[in-house]
Every structure is written in C-alpha cells, then in structure tokens.
Amino acid sequence: MTDAPAVAPPTERSSWNPLRAARKLPDAGFAYFLLLPAFIFLALFTVKPLIGSIIASTQPRRGDGFTLDNYARLATDDVFLKALGNNFLFSLITVPVSLGLAMLLAVLLHQNVRGRGFLRAGVFAPAILPMVAVAVIWMYFYQPNIGVINSILGALGLPTPDWLGDPGLVLPSLMVMMVWKEAGFFMLFYLAGLQGIDPELEEASRLEGTGKFRHFWKVSFPLLMPTTLFAAIVALSDSIKMVDFVFVMTQGGPDNASNLLLFYIYKVAFAQHWPQFAAAISLVVVAVLVALALIQIRLMDRKIHYR
Amino acid sequence: MPEVLLRSLSKSFTGTRGDRHTVLHDVGFTVADGEFAAILGPSGCGKSTTLRIVAGLDRADSGELLIGGRDVGNVPSSERGLGMVFQNYALFPHLSVAENIIFGLKVRRVGKAERNERLLEAARQLQLEPYLDRRPGQLSGGQRQRVALGRALVGGSRLILMDEPLSNLDARLRADMRTEIRELQQRLGLTVLYVTHDQVEAMTMADKVIVMREGFVDQISAPENLYARPENAHVARFIGAPPMSVIEARREGDALLIGDQRIPAAHLFARFGHDLPEEVLLGIRPEDLTPGLGAPSRPEDLTPGLGTPSRPEQLTPGLGAPSRAENVASDTGALSLPGVLERQELLGADRLATYSVGDQNLRVRVRAASTLPTISQLGASLDHVHLFTRADQVRIPAAIRPVLAQAS
C-alpha cells in the first residue's frame, strides 16, 4: 500500500491502490474494509480456536464420533467441582477487595501528599511485574522456616503456620497476592476517574458543609461507577484466568486446596493428555464468564451515569 | 443583613519552583446589604482568589473578613450563610435538577416537607419547574446556569457569590442572563458579589464596581464614575471599548509637548491649577475626540494641497467636519491636537481611527459614514481630557474653578 494522501492527483503510473478502490464502496462497506485486518486476526486466534474447542469437546477420548459424555462428566468430576468451588471463592473475595482497596488507594493518592508520584509508582509496581517473578518472590515470603513472614511472626512469638502447605491457608495466601497485584492496577483507573471529576464539585459540596466521607459516597463514588464496572469485569476475568501463582507456587496442592479452573484445564489437557475433556471445561468456563459479564453490565448500567 | 467587609486581605502562593507569588495586596472593600458589587479585572488579577476567600474555599494570609458584622476568618464555608455559583456550574451530573438543588438542604438535615416547599419556590423563581426530573446533561447552558443559581438560593442565603457565571454562555444568552440575574437580585433583595473580566457585565449589572489589577484594588466606584472619572491610568486603559488612549506628554510653559509637537494648552492647565507635575499622562476617550480639518502646526507637515489631504477620496470631508473643526479650534474650552491618520477600522456602526500625534497614538471613534481627514486637528472638550501623573499614574483632579471662570 502506498501512503499517498487520498487527495493526491492521479499519477501517470497505473498503480492499483486498494485504498482508493475501496473508497468507491458505500460507507458501511468501507468501514468493514478497514476493519478487515482486525477481523482476520480475530477469526484466526479467537473464532477458529473456539470452533475447534466446540468440536473437540464433543469427541470421545479415544476414537471418533459425537458424544456429550465430556459435559456429563463435569457434574461428577470431583476435582473439577473442587476447582470450581475454589475459583468461586477466589473471585468472590478478591474482586470486591481489590476494587475497594484500589478505590481507597486512589482517593488517598489523589490528594496532594508529599512524594505522591513515588507512592503512585510504588502502588502500581506489582501490576507491571511478571507474574511468575512475583510468584517466586512471594514463595520466599511464605516459606515456612526461613520465609520473611514467619521470621517476623516467630520473632514476635506468634505461631508460624505453613502458609502454602496448609489446605486451609493456601487459598487465602494466594488471594492476598492477587489483591496486592490487582489493587495497584485498578488504582490507576480510579485515579484517572477521580481526575476526570471537576474539582468544583468538591468545592460546591464543601460550601454546603458536606463531610468528606459523605461527598465521596454521594458524589465521587457514583461518578466512578463507569470505572467500577470496567474494573469489575476485568478483575473477574483476571481472577478466573489466574494460573501463574498456582503453577509456580502450589501446583494446585495440597490436596487440590488451591486448584483453580485454568490450572485444572491445563492439567487435564497436558498432564492427562485429555484435550477433549479440557475443551469441555474451557467452554463451560467461557460461558460462565460471558454470562457474568452480561449480568454485571445489565445490573450496573441502570445505576451508572455516563457523561 | 449580609453586608460584606474586607479589610486589607493579603494572600500569596508558593510557586512550582518554591518562590512566593503574592496574589492579593492589601485588598479591602465593602459590599452593603442588598448591593450588587462586581469585581472586575483581567485574568490573574486576584479577583477569583478574593471571591474564594470570601466563600471560605481559600484562606487569606492576613487581613479581616466580616460578613454581617461577624468575623468569619475561621468560620467554615457552610456556616458563613452564603450561596455560590461556580464558573462551570459545578452541578452533580448524576443527580436530577431537583436533587441538585436540595443537595445542601439534605446535608443540613432540613425536613422533607420543607425541602420540597423550598425546592418548588426556587424552581418557580427561576422557571425551572418543567426540568426538575432532568439531569444536568440534558439541559442547555442557560438552564444549567439557573439550576446553579437555584442551588445557591435554596438555602435561604441572602449573600450570593458568583464566579464568572456567564463566561460559558454564548453572547445572546449572556445578555439575557445579565438582565435576569440583575432582576432576580433586585426582586429578592440579594447581596451579590460578582466576579467578571467582562466590563459590560460589571457596568450593566453592578451598583458598585471594584477594579482589580495584579492583586491590587485600583478603583471602587459606581459604573458611571468608572467611565467618567478613572482614578488612575490603568483603569483608564481598561474601561471602555475601545478604552481611553493614554499618551505621554510634558508640560512646557503654557504648552503641552507630545513628542516634538507643541500644543498650546493654557486653558487646560488653568483647569488643573498650576502645581501640575511636568511629566503627565494625557487621557482622552476615542468617542470624545472630534477629527476636524485644520492647519497642521508645522509647515513641513503640509501636503501640496495646503492642508487638504492628498488622497482624492478624502478631498471632500464629510458631514460638516470642517465647521466643527473650526468651532473646536476657536472654542477656548477645547484642546486641539494635530494628528496624522495612521489606520482605521470599521466596527459596524462606528469607525475607529488611529492618529499619530507627535510620537504617540490616539484613537478616535466616529460614525461609520464619516470620512476621516489624513491630517486633522483632533478636538476634545476640556471636560473630557483626563490627566494622570506619570510617576504613579494617579488621576490629577481638576482644580476647583472660580465662579467667574465657570461663567465664561
């Protein structure tokens, strides 16, 4: 393609310019033409694998033919149900806590505090670190004998549990990491949201004697709803896609106490060499994600004011 | 009785490089109960800061602020008994018009019945009844402006502060809102402190104008006085559209020296008494100058046509200009300045010309139909000649004239 401007005079050389040819299309057609590259990538990397997964999920483990056994098995597969329950708990706790913490941090860092830039960078840092590196670092924190956390607890004479080895503690331990990482990330969005609110609103509130907390609750919080909706959907899908920590730190153990859906899919597909069942689980997870996102948008859309 | 009294308020900010900027120097004025006072000045003159200090959004470094006789320096905004209209209205976009208006009443825990009553009253005053359920985003600029006014009024405050409330409206709406705000203020007997950079707003609405410049108060007076008797050259150069021409001149015996032009001015000096400083600023409004044909004072300025302009289209001076010029020249109550036309622009009904006098420029405003001579005797009645000292730019008052001189 040449990058000659559209208004360039016709040249002697008869070069076929697809952009100019496409200009003869009706407007809608031209729009689709411009979207073509995106469509191609979407088809190659999203639609085709999706169709592939749908087909694979209806195949038996050995041989050909059509079967729904993979889906039927889901209801009875203990590990799947365990991973589903774990993931449900994981999302239920990390999403609201991350968002709440992110909002709190954003409100604090929105004010004129000393070293604001440094603090903002510090809070945001976890979001840009590679997850695997983060997992390795936290393993040293959680290590039962020489780990940072237990060293401190031990020095204070407090019990020193095996954070990643105790089935009751391993999932909460991963949740803490998730919140730490996600809160910093979403803080940035809330910060942008807060900066988009006219400071005159705060002054108008102050003139009426509105307390800071009330102003936040009645004005800032509702005006941040679009940010919250966006962040909630991203946080939810993040929490369901979480695999790095599990892979590096616990391998789903002990006794599947920290097994999450994506890790289980990975295990079924590549450790048990059973891609058909893995495809079925994946599709169910996707369906659940889509359904949740739709419900979220519907629920919040009613209460959101878009300017 | 919400009268406002400011006494020598000062305020400085720390700049980005740690240096102090003083934005208010010793600002003081009063706004009487029921008065409409406008703070007028260019951007950065400290007018908004002054208003924010009165509102309690900013604190002064020193000085006193009394509202209704009470020192409110340490009183939070909400207890100062005032309402405020912000420049961008500051309406809550997620709340309806009604909720916006009663927001403050809810905060103050006013009962529901009274809230509704006051809401309806405010809506009636501002003709907002049909819009109470709408969101600010669904309103026009003028309607939003009225909602902001409603929110300021509903609390029952009789003192209303306004920070350039009309600056976001288009010109026609601005003219309508000027009348509307003034009318509302009169009808409800409000005390208004109004900040603007638009002299038309200040002149048309206010009972009292406070002109500010670089953190100082330049003049406090009624709008008419501001135009007729500017207290210093800064105000003179600011008020009027176009503003007064202020040029440098020297007193030499009985004449004024502008550049190398000697202008006889015995009558002018007589008006001001004889203790005039040698270096003065001469101020004349463009509309107070009459361009007339006249012999230039120096022979070398003569064009071949002996005083008649060389350009043919200006050979016939229009609308009896010559006779007026003769009158002016012979009239002892006038100052006559020889000028050469530099440029002119059409302003619609009027024409604005720039004449050079000596090494200085004077603007002259005439009807659009008049023709302007290239060389002219610019006449101005002595009543309309303003003198300022050059050292500190303050107005030199005319001496009290003896009765005999007045009669002549």
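Not measured: the values here are computed from a predicted model.

Parameters and conventions
- Residues numbered from 1 in each chain as written.
- Chains lettered and ligands numbered in written order.
- Predicted model: local features only at pLDDT ≥ 70, side-chain atom pairs only at ≥ 80, totals over all residues.
- Heavy atoms only, no water.
- Helix = DSSP H or I, 4+ residues; strand = E, 2+ residues; numbered from the N terminus.
- Buried < 20%, exposed > 50% of the residue type's maximum accessible area, 1.4 Å probe, protein only.
- Contact = heavy atoms within 4.5 Å.
- Areas by Shrake-Rupley, 256 points an atom, 1.4 Å probe, with all protein chains shown as cover.
- Lys, Arg positive; Asp, Glu negative; His and termini not counted.
- Charge placed at Lys NZ, Arg CZ, Asp CG, Glu CD.
- Expected span 1.5 Å × (residues − 1).
- Bend = angle between axes of the 7 residues up to and from the residue.
- Domains from an automatic or database assignment.
- Buried area = accessible area lost by both parts, 1.4 Å probe.
- Salt bridge = Lys/Arg side-chain N within 4 Å of Asp/Glu carboxyl O.
- Polar contact = N/O pair within 3.5 Å; in protein donor to acceptor, adjacent residues only side chain to side chain.
- Nonpolar A, V, L, I, M, F, W, Y, C, P; charged D, E, K, R; others polar.
- Axes fitted to C-alpha atoms, helices over the stretch in contact; angles between N-to-C directions.
- Parallel < 35°, antiparallel > 145°, perpendicular 65-115°, else oblique.
- Left-handed = near helix turned anticlockwise from the far one by under 90°.
- Pairing = 2+ DSSP bridges.
- Core = buried A, V, L, I, M, F, W, Y, C linked by side-chain atoms within 4.5 Å.

Peer 1: What's the story with the overall build of chain A in this structure? I'm lost.
Peer 2: Across its full length, chain A holds 14 helices and zero strands. Scanning chain A from its N terminus toward the C terminus, one meets helices and strands in the order α-α-α-α-α-α-α-α-α-α-α-α-α-α. Projecting the C-alpha coordinates of chain A onto the three principal axes gives extents of approximately 85 × 75 × 40 Å. Across the 307 residues in chain A, those meeting the buried criterion constitute 37%. Taking the intrachain contacts of chain A between residues at least 6 apart in sequence as the baseline, contacts between residues at least 24 apart amount to 68%. Total accessible area computed for chain A in this model is approximately 17900 Å², and 69% of it derives from carbon and sulfur atoms. Mean positive and mean negative side-chain charge positions of chain A (23 and 19 charges, respectively) differ by 4 Å.

Peer 1: For this particular structure, what's the right way to read the overall build of chain B?
Peer 2: Counting its secondary structure elements, chain B contains eleven helices and 20 strands. Looking at chain B residue by residue over its 408 residues, the buried ones come to 52%. In chain B, 67% of the contacts between residues at least 6 apart in sequence involve partners at least 24 apart. Entry remark: accessible area of chain B is about 18700 Å², with carbon and sulfur atoms responsible for 50%.

Peer 1: Just checking my understanding: could you explain helix H5 (residues 116-128) of chain A for this structure?
Peer 2: Along an α-helix, residues three or four positions apart point the same way, because every turn accommodates 3.6 residues. Taking 1.5 Å per residue, 13 residues should reach 18 Å; H5 of chain A reaches 19 Å between its end C-alpha atoms and fits that length. The largest bend in H5 of chain A amounts to roughly 30° and is located at Gly-122 of chain A, with the proline Pro-126 of chain A lying one to four residues further along.

Peer 1: Quick question: what am I supposed to make of the domain arrangement of chain B here?
Peer 2: Think of interface size as the accessible area that goes away when the parts come together; that is how it is often given. Residues and elements named next belong to chain B. The assigned domain composition of chain B is domain 1 (4-228) and domain 2 (233-407). Contacts between the two partners involve 13 residues from domain 1, matched on the other side by nine residues from domain 2. Between domain 1 and domain 2 lies a buried interface of about 930 Å² when both sides are counted; carbon and sulfur atoms form 62% of it. When the buried surface of domain 1 facing domain 2 is broken down by residue, Gln-199, Arg-213 and Tyr-227 rank first, second and third, together holding 53% of it. For the pair domain 1 and domain 2, the number of links is zero salt bridges. Linking domain 1 with domain 2 are five residue pairs in polar contact (both at pLDDT 80 or more). Residue assignment for the side of domain 1 that touches domain 2 shows that the elements contributing at least two residues are helix H6 (199-205), strand E9 (208-213), strand E10 (216-221) and helix H7 (223-228). The element best represented in the side of domain 1 that touches domain 2 is H7, accounting for three residues. Across the side of domain 1 that touches domain 2, the residue classes tally to seven nonpolar, four polar and two charged.

Peer 1: Would you mind showing me how to read the packing of helix H4 (residues 141-154) of chain B against helix H5 (residues 171-188) of chain B here?
Peer 2: Axis angle and axis distance: for two packed helices, these are the angle between their axes and the distance between the axes, and together they describe the pair. Residue and element names in this part refer to chain B. Two elements in contact, H4 and H5, have axes separated by 11 Å at closest approach and are oriented at 20°. Taken together, the axes of H4 and H5 lie roughly parallel to each other. You can see that H4 and H5 cross each other, and the crossing is right-handed. Facing H4, whose interface residues are Gly-142, Gln-145, Arg-146, Leu-149 and Leu-153, H5 presents Leu-173, Met-177, Glu-180, Ile-181, Leu-184 and Leu-188. Classifying every residue of the contact of H4 with H5 by side-chain character gives seven nonpolar, two polar and two charged.

Peer 1: So what exactly am I meant to see when it comes to unusual backbone geometry here?
Peer 2: All names here are of chain B. Put simply, Ala-241 and Pro-242 share a cis peptide bond, and its omega is -5°. In this fold, Pro-242 is placed in the loop between helix H8 (233-238) and strand E11 (245-252). A positive phi angle, close to 65°, is found at Gln-393, a residue other than glycine. Its relative accessible area of 18% is what places Gln-393 among the buried residues.

Peer 1: It is not clear to me how the interface of chain A and chain B should be interpreted in this structure. Could you clarify?
Peer 2: Contact with chain A, which involves 18 residues of that partner, is made by 25 residues of chain B. Together, the buried faces of chain A and chain B total about 1900 Å²; carbon and sulfur atoms form 62% of this surface. Put simply, chain A and chain B have two salt bridges between them. Between Arg-108 of chain B and Glu-208 of chain A there is a salt bridge, and its shortest N-O distance comes to 3.4 Å. Counting across the interface, chain A meets chain B through six residue pairs in polar contact (both at pLDDT 80 or more). In terms of residues, the side of chain A that touches chain B owes the most to one element, helix H9 (residues 199-207) of chain A, which gives seven residues. Here the residues of the side of chain A that touches chain B sort into six nonpolar, four polar and eight charged.

Peer 1: For this particular structure, what's the right way to read the pattern of salt bridges?
Peer 2: Close approach of charged atoms allows side chains of opposite charge to pair. Residues and elements named next belong to chain B. According to the stated counting rule, one finds 23 salt bridges over all chains in the structure shown. In this structure, Glu-214 engages Arg-213 in a salt bridge whose closest nitrogen and oxygen atoms are separated by 3.8 Å. With a relative accessible area of 55%, Glu-214 lands in the exposed category. The residue Asp-383 makes a salt bridge to Arg-271 at a minimum N-O spacing of 3.0 Å. On the criterion of sequence distance, the pair formed by Asp-383 in the loop between strand E19 (375-381) and strand E20 (385-389) and Arg-271 in helix H9 (residues 266-272) is long-range, its members being 112 residues apart. Judged by relative accessible area, which is 52%, Asp-383 ranks as exposed. Look at Arg-271 and you get buried, because its relative accessible area is 13%. Through salt bridges that share partners, Glu-248, Arg-250, Glu-278, Glu-279 and Arg-390 make up one connected network.

Peer 1: It is not clear to me how the packing of helix H8 (residues 170-195) of chain A against helix H11 (residues 225-241) of chain A should be interpreted in this structure. Could you clarify?
Peer 2: Residues and elements named next belong to chain A. H11 packs onto H8 with a crossing angle of 160° between their chain directions and a minimal axis gap of 10 Å. One element, H8, and the other, H11, form an angle in the roughly antiparallel class. The handedness of the crossing between H8 and H11 comes out as right-handed. In this structure, H8 contributes Met-178, Glu-182, Phe-186, Phe-189, Tyr-190 and Gly-193 to the contact, and H11 contributes Thr-227, Thr-228, Phe-230, Ala-231, Val-234, Ala-235, Asp-238 and Ser-239. Class assignment of the residues belonging to the contact of H8 with H11 gives a composition of eight nonpolar, four polar and two charged.

Peer 1: Any chance you could explain the sheet that holds strand E18 (residues 360-367) of chain B here in plain terms?
Peer 2: Strand pairs in the sheet, formed through backbone hydrogen bonds, run parallel or antiparallel to each other. Residues and elements named next belong to chain B. Read across the sheet, five strands follow the order E15-E19-E16-E17-E18 without closing on themselves; strand pairing throughout is antiparallel. In this open sheet, the two strands that pair with only one neighbour each are strand E15 (289-292) and E18. The mean inter-strand angle of the sheet, taken between neighbouring strand axes irrespective of direction, is 45°. Bridge count for E15 against E19 is four bridges, and the pairing is antiparallel. The residue of E19 that forms the bridge with Pro-291 is Leu-378.

Peer 1: Whenever I open this one, the nonpolar core confuses me. Can you help?
Peer 2: Across soluble globular proteins, nonpolar side chains show a tendency to be buried alongside one another. Counting 73 residues, the largest nonpolar core has Ile-281 of chain A together with Leu-161 and Leu-193 of chain B as its most contacted members. Ranked by residue count, the leading element in this core is helix H4 (residues 78-110) of chain A, at eight residues. If we skip the residues at most four places from it in the chain, Leu-193 of chain B touches Phe-29, Val-31, Ala-37, Ile-39, Leu-51, Val-54, Ile-160, Leu-161 and Met-162 of chain B. In this structure, Phe-36, Leu-40, Val-110 and Leu-139 of chain B belong to the second largest nonpolar core, which totals 44 residues.

Peer 1: Please clarify how the side chain of Asn-70 of chain A should be interpreted in this entry.
Peer 2: All names here are of chain A. Of note, Asn-70 is situated in helix H3 (residues 69-74). In this structure the side chain of Asn-70 is engaged in a polar contact, spanning 2.8 Å, whose partner is the backbone oxygen of Ser-57. Every residue in contact with Asn-70, bar those within four places of it in the chain, is listed here: Ala-56, Ser-57, Thr-58, Gln-59, Trp-274, Gln-276, Phe-277 and Ala-280.

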